[in-house]
Amino acid sequence: MNSLLDVTTTELTCQACVIGSGPAGALVALPLAERGMDVILVEAGNRDPAPLSSVPLAELDVDGAVDLSYAQALQLGGSSNLWAGRVARMDVADFVERPDIDSPTWPFPLSELSPYYERALDILCMPSSAYYKELPRLPCSWKTFAASDQVDIRYLMWSRPAFKVAELVTKSDGKLANLRVLTDAPVFDVTPNGDRRTIESVTVGRRQNHKTIKAQVFVLAAGGIESTRLLLCYARRHWRGEEGAIGRYFSTHPKADLAVLWAKQPVSAGHPLFREATSNGVQIRAGIGLSTATQISIGTLNHSARLYPIAEYKAEKVFESIKSAALRGAPIVNRSARLRRLLIASGKMAFDRLGQAVRLQAKARTFVVRLNLDQHSNAENRLTLSEDCDREGRQLLNVRWRYDLADRRSAMTFLDMLNGVLRAHDVGHLEYSYLRDSNSWPLTAVHSHFLGTTRMSNDPRQGVVDQNCRVHQLHNLFIAGPSVFPRYGNANPFLTIAALSLRLSDHLSRVLGRE
């Protein structure tokens with residue numbers, strides 16, 4: 001592993017240049033290198049976390065709270081350094097045709113990702129799809145509710161401690177001679193060849209220390225903000241500003257504590273529907289969604305609700321507040337990587353201590369209902385180039401995002417249906433009536449999971465990349481990461497990012513093998 005600051009040559013060549021060392025980039029680059037390809041993995045940061053000011057945003061026009069403490073990590077391993085460890089697949093509902101909600105579908109079935117999900121779980125050292133077969137029993141009053149064909153109980157795992165991609169990159173860099181990892185190497189420019197159908201090179205480095213990398217294929221895997229910014233800059237220079245769908249359809253999995261569940265009877269909090277539980281040595285959590293058929297019949301999006309007994313709810317809020325303070329705090333905090341790590345560790349300690357109090361709470365009757373919200377595709381939710389630049393000369397981005405009336409109606413339809421099923425099975429009821437008359441919901445809107453801004457579609461008029469993640473107008477430029485998602489769903493995207501990157505790596509291996 002080398003810092004670009006120590007590289008003396010001005011030009012580097014390789015078969016594949018992957019930009020970004022987070023989960024998206026690493027899981028494209030490392031399998032290619034393992035197959036003998038000559039790979040350069042480029043990282044703008046180094047081993048230490050960069051201050052939050054490194055996020056290239058100029059103006060935020062957002063409906064809801066903004067919390068960028070979980071945003072980009074300009075650091076070896078990228079966003080995995082901020083990842084809490086939640087592991088979940090996307091749902092069948094995210095892949096079915098839904099003309100009623102005016103959202104495109106993926107250009108391949110969910111089953112195509114299944115083997116890549118399994119490979120990703122193996123890399124994470126986590127069990128496969130049978131991981132939740134030894135769960136504590138549900139309370140009797142909840143069994144018929146959970147068995148209803150109208151609801152879908154969704155289980156997710158936790159990687160504990162959260163898997164760090166930086167460790168995987170470092171290990172691979174030490175044993176693969178054909179893998180070169182360059183740190184301190186932000187991309188400054190992307191240059192096409194004469195016919196502008198192929199990328200010839202990228203220029204990396206900071207002022208006064210630029211280097212050129214030439215490759216047969218290039219992969220932008222620098223996150224949904226930076227990859228999109230680079231492509232917008234390219235379009236302005238080389239496509240006369242014809243951006244198409246680049247930067248549009250932006251979403252970030254908005255979330256909010258929107259309701260309270262009043263159970264008819266106190267229930268044991270031992271099942272993962274009510275708090276974290278352990279199965280086969282893995283921590284498990286569950287949420288409540290609506291079945292695919294129910295979503296289609298009532299015209300709602302794929303939302304999910306998780307229940308938090310009051311003690312656990314307070315524990316998670318303490319952790320989030322301490323972590324946010326650590327990552328976006330006073331200037332002295334932003335200047336000290338060690339202090340940021342210490343404060344985050346303190347937040348985890350507080351979370352664990354309060355989590356012990358949760359386990360002592362044998363039964364609970366009142367639960368906060370946290371919604372992880374899907375969203376309609378809205379072309380006006382977008383990233384655009386600002387006229388302002390940072391000190392390195394990078395053009396900054398403007399962000400516009402709204403949770404509009406159609407989105408709110410979908411969330412209310414979800415809550416109405418969920419409340420009806422809870423009542424029908426005599427479990428309890430939800431309180432959320434205040435939402436009907438409220439002009440402002442307590443949303444955390446822009447925070448992480450930057451989705452949709454280079455979305456996948458085989459129709460160039462509808463998307464930016466094809467089903468193999470190749471940019472439509474260019475023969476050898478690919479994009480990896482959640483910005484290619486055409487539908488958002490509600491699942492944490494880490495596992496799907498990993499699966500898509502492994503799939504892309506297989507595709508690039510075939511492409512490079514033919515050349």
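The sections below set out a description of the structure shown in this document.

Cut-offs applied
Residues numbered from 1 in each chain as written. Predicted model: local features only at pLDDT ≥ 70, side-chain atom pairs only at ≥ 80, totals over all residues. Heavy atoms only, no water. Helix = DSSP H or I, 4+ residues; strand = E, 2+ residues; numbered from the N terminus. Buried < 20%, exposed > 50% of the residue type's maximum accessible area, 1.4 Å probe, protein only. Contact = heavy atoms within 4.5 Å. Pairing = 2+ DSSP bridges. Axes fitted to C-alpha atoms, helices over the stretch in contact; angles between N-to-C directions. Parallel < 35°, antiparallel > 145°, perpendicular 65-115°, else oblique. Left-handed = near helix turned anticlockwise from the far one by under 90°. Phe/Tyr/Trp six-rings, centres within 6.5 Å; stacked < 30°, edge-to-face > 60°. Core = buried A, V, L, I, M, F, W, Y, C linked by side-chain atoms within 4.5 Å. Expected span 1.5 Å × (residues − 1). Polar contact = N/O pair within 3.5 Å; in protein donor to acceptor, adjacent residues only side chain to side chain. Salt bridge = Lys/Arg side-chain N within 4 Å of Asp/Glu carboxyl O.

## Quick look at the overall build of the chain
- For the chain, the count of helices and strands is eleven helices and 21 strands.
- A total of 515 residues make up the chain; the buried ones form 58% of that total.
- Considering only contacts in the chain between residues 6 or more positions apart, those separated by 24 or more positions represent 76%.

## As for the sheet that holds strand S4 (residues 57-62)
- Across the sheet, three strands lie side by side as S4-S18-S17; this open sheet has mixed pairing. Pairing within the sheet leaves two strands with one partner each, and these edge strands are S4 and strand S17 (382-389). Strand-to-strand twist in this sheet, taken as the mean axis angle between neighbours without regard to direction, amounts to 20°.
- Pairing analysis gives five bridges linking S17 to strand S18 (residues 395-401), with the strands arranged antiparallel. Looking at S18, one finds that Thr384 is bridged to Asn398.

## A closer look at the packing of helix H1 (residues 23-34) against helix H4 (residues 165-175)
- For the pair H1 and H4, interaxial distance at closest approach is 10 Å and the crossing angle is 25°. Accordingly, the angle class assigned to the pair H1 and H4 is roughly parallel. When the axes of H1 and H4 are compared, the crossing they make is left-handed. The residues of H4 that touch H1, namely those facing Pro23, Ala26, Leu27 and Leu30, are Val165, Leu168, Val169 and Ser172.

## A word on the packing of aromatic side chains
- By the definition in use, this model includes twelve aromatic pairs.
- Residues Phe95 and Trp106 carry aromatic rings whose centres are separated by 5.0 Å and whose planes lie at 15° to one another, so their mutual orientation is stacked. Taken together, the residues Phe95 in the loop between strand S6 (86-87) and helix H2 (114-123) and Trp106 in the loop between S6 and H2 connect sequence positions eleven residues apart.
- In this structure Phe95 comes out as buried when scored by relative accessible area, which is 10%.

## Looking at the nonpolar core
- If you look at the biggest cluster of nonpolar residues, it comprises 149 residues, and the most contacted ones within it are Trp142, Phe145 and Ile213.
- Beyond its immediate sequence surroundings of up to four residues, Ile213 is in contact with Leu12, Cys14, Cys17, Ile40, Val42, Leu182, Glu200, Ser201, Val202, Val204 and Phe218.

## What about H1?
- Along its twelve residues, H1 runs 16 Å from first to last C-alpha, staying within 8% of the 16 Å computed at 1.5 Å per residue.
- Counting buried positions along H1 gives eleven out of twelve residues, so the element sits mostly inside the fold.
- When H1 is considered as a whole, its buried residues turn out to be Pro23, Ala24, Gly25, Ala26, Leu27, Val28, Ala29, Leu30, Pro31, Leu32 and Ala33.
- Taken from the residues just after H1, Gly36 is the one with a positive phi, measuring 95°.

## A few points about the side chain of Arg86
- Locating Arg86 in the fold gives a position in strand S6.
- Residues within four places of Arg86 in sequence aside, it is in contact with Leu156, Met157, Trp158, Arg306, Asn492 and Phe494.

## So, the environment of Arg89
- By secondary structure assignment, the location of Arg89 is in the loop between S6 and H2.
- A sequence separation of 404 residues divides Arg89 from Pro493, and the C-alpha atoms of the two residues are 7.8 Å apart.
- At 2.5 Å, the side chain of Arg89 and the side chain of Glu118 are in polar contact.

## What to know about the side chain of Thr105
- Along the chain, Thr105 turns up in the loop between S6 and H2.
- Contact partners of Thr105, with chain neighbours within four places excluded, come to Asp94, Phe95, Val96, Glu97, Pro486 and Arg487.

## Quick notes on the environment of Leu232
- Inspection of the secondary structure puts Leu232 in helix H5 (residues 223-238).
- Spatially, the C-alpha atoms of Leu232 and Leu385 are 7.0 Å apart, while their sequence positions differ by 153 residues.

## Observations regarding the pattern of salt bridges
- Applying the stated criterion across every chain, the model contains 24 salt bridges.
- Across the salt bridge formed by Asp61 and Arg402, the nearest N and O atoms sit 2.8 Å from each other. Linking Asp61 in strand S4 with Arg402 in the loop between S18 and helix H10 (405-424), this pair joins segments that are 341 residues apart in sequence.
- Look at the salt bridges and you will find they share partners, linking Glu226, Arg229, Asp390 and Arg394 into a network.

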